[in-house]
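Given next are the chains, with one letter for each unit.
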Amino acid sequence: MKSLAKETAIYGLSSIIGRFLNYLLVPLYTAKMTAESGGYGVITNMYAITALLLVLLTFGMETTFFRFATKGDDLPSRVFSTALIGVSSAATLFFFAVLLFLTPVSSFLGYEQTPQYVWVMALTVSVDAIRAIPFAYLRQQKKALKFATLQLLNIGINIVLNVIYYLGMDGHDPGYAFYINLLCSVVITLCLAKEIANIRCGFDPALMRRMLVYAWPIVLLGIVGILNQVADKILFPFVYPGDDMREQLGIYGACVKIAMIMAMITQAFRYAYEPFVFNSSKSNGSDGNNENNGELQAKAMKYFIIFTLLAFLCVVGWLDVLKYIIPENYRVGLRVVPIVMAAEIMMGIYFNLSFWYKLSDKTYWGAVFASIGCAVLIAVNVFFVPRFGYMACAWAGFVGYAVSMTLSYIVGQRLHPIPYPMQQIAYYIILALVSWLSMKYFADILPQWGSLIYNTLVIIFFVTIIVRQDFPLSNLPVVGKYFRR
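## Observations regarding the overall build of the protein
No. 1: Regarding its fold elements, the protein presents 21 helices and zero strands.
No. 2: Out of the 485 residues in the protein, the part that is buried amounts to 54%.
No. 3: Considering only contacts in the protein between residues 6 or more positions apart, those separated by 24 or more positions represent 83%.
No. 4: Accessible surface for the protein amounts to roughly 21100 Å². Of this, 68% is attributable to carbon and sulfur atoms.

The following block contains the structure:
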């Protein structure tokens, strides 16, 4: 657990700093592109499409690489080179296919007047797919510091170039955000040259076939995971009936950015936890579903839920401050923030629940859960967005994750039961829910400054409960000795 906490802290710090720097782009973009212009709606829509494409082009090879590199049946270097060559080939074919059919693809997506947006982002996502495997290699080799450094370098270059164009040159074209992104992706990929050099180990067709059999359900898992984050932004232009489609999408996309602190925490935890569990399973047996691993996963689940609930309360409690990240004409959509954050918590729980079938190589179960959750999500978007607009988008993600999470828990407890501390988890969930409802109640009767003070006291109370019950200060390293006196 200490090892997991250390690596999560490194990944988390880079993710926190990176997300904070990316937050700086939100006021920049929304200030230079008014909601009415729809410019930020273009950015929201295009990045949603590329996020989905990235999942498809990597086709589950990150998790598959971890599994096959730790099973002991194949050399890790051979697994790495096979995965990298496979992903690189698919990404290259995809980019040339987009170029070949650029006109119909651009027209279908609604960018017939700006097809350059489409091919630039196609090239960017292809490069990002290729570099995903070397980044997975860094995680597997426990090179968290290099991983974090490169991620921050990518974001740093992105921020500087965006500031130069949108502020220094007073630019307004959303397309320049895509050009800058492409440049950053190429630079960071070049920084991974040492890892990419391991491609010399060659391509093993038989190994790739075995990896694909393992990976295809994970691809569906990845699709439903990313669809819960981006399907609303992809489907919105097709199902929203109003002429202000891009304006509404821009408002929704800007407000969702505030809620993405939960995605940041989940991502940091995943970066550390996934290779950690697979490496633990290697030392504890091939299937990894023994008593020790079960207890480890149960503890990790509880701590994950505790910290995500705390993050939820911090964001909703200080939303009156965080809202100034975006201009006033975007703030009408802030009501989606609690819903999206709750959906992200369930996504994190769903990820924690997924290891019973990943470790036992029964990933087809993941495909079942993913397909059902994805169908629910798409159905809610298609049927309710025309009537309720982007509020239906927020609830679609919530319902989709809730269905997948519940199914994974029920089936997992029947086939590979893990002793999750459900009473303690339920206690913290109820406590967080009551805290949030009390914040909402007093927000209506107190002035803004009074509401912020009350919310802060509620958060302090929640932290106090956590410390008293699960994180006694006397157990902390270094400073703990002062509390043991």
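## A word on a nonpolar patch on the surface
No. 1: Together, Ile378, Val382, Phe383, Phe384 and Phe388 make up an exposed nonpolar region whose accessible area comes to about 480 Å².
No. 2: When you line up the elements, phenylalanine 383 lands in helix α17 (residues 364–388).

## Side note on the pattern of salt bridges
No. 1: Per the stated rule, a full pass over the model turns up four salt bridges.
No. 2: Lysine 146 serves as the salt-bridge partner of glutamate 195, at 2.9 Å between the closest nitrogen and oxygen. Taken together, the positions of glutamate 195 in helix α9 (residues 193–196) and lysine 146 in helix α7 (residues 144–168) put the pair 49 residues apart, joining distant regions of the chain.
No. 3: For glutamate 195, a relative accessible area of 3% translates into the label buried.

## Considering unusual backbone geometry
Glycine aside, residues mostly have negative phi, and peptide bonds are mostly found in the trans state.
No. 1: Of note, the phi angle at phenylalanine 59 is positive, near 30°, even though the residue is not glycine.
No. 2: By secondary structure assignment, the location of phenylalanine 59 is in the loop between α2 (39–58) and α3 (61–71).

## Here's the deal with the layout of surface pockets
Any empty space left between atoms is shown by rolling a water-sized probe over those atoms.
No. 1: Computed from the structure, the second largest pocket encloses a volume of approximately 620 Å³.
No. 2: Considering the residues around the second largest pocket, the lining is formed by 23 residues, among which Ile345, Met346, Ile349, Met405 and Ile429 are closest to the centre.
No. 3: Within the residue set of the lining of the second largest pocket, elements represented by two or more residues are α13 (291–317), α15 (337–353), α18 (390–415) and α19 (422–443).
No. 4: The leading source of residues in the lining of the second largest pocket is α15, at seven residues.

## Concerning the nonpolar core
No. 1: With 136 residues, the main nonpolar core has Met61, Phe178, Ile326, Val336 and Phe462 as its most contacted residues.
No. 2: Top element by residues in this core is helix α10 (residues 205–239). It accounts for 14 residues.
No. 3: In this structure, methionine 61 is in contact with Ala83, Val87, Ile133, Met208, Met211, Leu212 and Ala215, ignoring residues within four places of it in sequence.
No. 4: Counting six residues, the second largest nonpolar core, distinct from the first, contains Phe147, Leu150, Ile188 and Leu192.

## Notes on the packing of helix α6 (residues 115–140) against α7
No. 1: It is the contact of α6 with α7, at a shortest axis distance of 9 Å, that shows an interaxial angle of 145°. For the pair formed by α6 and α7, the contact residues are Arg131, Phe135, Leu138 and Arg139 on the first element and Lys146, Phe147, Leu150, Gln151 and Asn154 on the second.
No. 2: Split into classes, the residues belonging to the contact of α6 with α7 amount to four nonpolar, two polar and three charged.

## Focus on the side chain of threonine 58
No. 1: Assignment of secondary structure puts threonine 58 in helix α2.
No. 2: Of the residues examined, threonine 58 reaches a relative accessible area of 6% and is grouped as buried.
No. 3: A polar atom in the side chain of threonine 58 sits 3.3 Å from the backbone oxygen of valine 55.
No. 4: With residues near it in sequence (within four places) discarded, threonine 58 still touches Val87, Ala129 and Ala132.

## What about the packing of α2 against α6?
No. 1: The interhelical angle for the contact between α2 and α6, taken along N-to-C directions, is 40°, at an axis separation of 9 Å. Here α6 runs oblique to α2, going by the angle between their axes. Between α2 and α6 lies a crossing of right-handed hand. Residues Val42, Met46, Tyr47, Thr50, Leu53, Leu54, Leu57 and Thr58 of α2 touch α6, and the partners they reach there are Tyr117, Val118, Met121, Val125, Ser126, Asp128, Ala129 and Ala132.
No. 2: Grouping the amino acids of the contact of α2 with α6 by side-chain chemistry returns 12 nonpolar, three polar and one charged.

## Regarding the packing of aromatic side chains
No. 1: Throughout the structure, instances matching the rule amount to 27 aromatic pairs.
No. 2: Ring plane angle 75° and centroid distance 5.1 Å describe the contact between phenylalanine 135 and phenylalanine 147, whose orientation is recorded as edge-to-face. Within this pair, whereas phenylalanine 135 is found in helix α6, its partner phenylalanine 147 is found in helix α7, the two being separated by 12 residues in sequence. The burial state of phenylalanine 135 is the same as that of phenylalanine 147; both residues are buried.
No. 3: Look at tryptophan 365 and phenylalanine 369: their rings are 5.9 Å apart centre to centre, the planes differ by 25°, and that puts the pair in the stacked class. Remark: phenylalanine 369 and tryptophan 365 occur in helix α17; sequence separation between them is four residues, near one turn of the helix.
No. 4: Grouped by ring-pair contacts, the aromatic residues Tyr29, Tyr40, Tyr165, Tyr166, Tyr176, Tyr179 and Tyr330 constitute a single cluster.

## A few points about the confidence of the model for the protein
No. 1: Averaged over all residues, the pLDDT of the protein is 83; the fraction at 70 or higher stands at 85%.
No. 2: Mean pLDDT per element in the protein: helix α21 (residues 480–483) is the minimum at 52, and α19 is the maximum at 93.

## Points about the environment of leucine 433
No. 1: The topology assignment puts leucine 433 in helix α19.
No. 2: Judged by relative accessible area, which is 44%, leucine 433 ranks as partly exposed.

Reading the values: the criteria
- Residues numbered from 1 in each chain as written.
- Predicted model: local features only at pLDDT ≥ 70, side-chain atom pairs only at ≥ 80, totals over all residues.
- Heavy atoms only, no water.
- Helix = DSSP H or I, 4+ residues; strand = E, 2+ residues; numbered from the N terminus.
- Buried < 20%, exposed > 50% of the residue type's maximum accessible area, 1.4 Å probe, protein only.
- Contact = heavy atoms within 4.5 Å.
- Areas by Shrake-Rupley, 256 points an atom, 1.4 Å probe, with all protein chains shown as cover.
- Patch = residues over 30% accessible without salt bridge, like charges linked within 9 Å, V, L, I, M, F, W, Y side chains within 5 Å.
- Salt bridge = Lys/Arg side-chain N within 4 Å of Asp/Glu carboxyl O.
- 1 Å grid on protein atoms, 1.4 Å probe; cavity = no way out; pocket = protein on both sides within 12 Å on 5 of 7 lines; lining within 4 Å.
- Points joined across faces, edges and corners; volume = space filled by probe spheres on them.
- Core = buried A, V, L, I, M, F, W, Y, C linked by side-chain atoms within 4.5 Å.
- Axes fitted to C-alpha atoms, helices over the stretch in contact; angles between N-to-C directions.
- Nonpolar A, V, L, I, M, F, W, Y, C, P; charged D, E, K, R; others polar.
- Polar contact = N/O pair within 3.5 Å; in protein donor to acceptor, adjacent residues only side chain to side chain.
- Parallel < 35°, antiparallel > 145°, perpendicular 65-115°, else oblique.
- Left-handed = near helix turned anticlockwise from the far one by under 90°.
- Phe/Tyr/Trp six-rings, centres within 6.5 Å; stacked < 30°, edge-to-face > 60°.
- pLDDT = per-residue confidence, 0-100.

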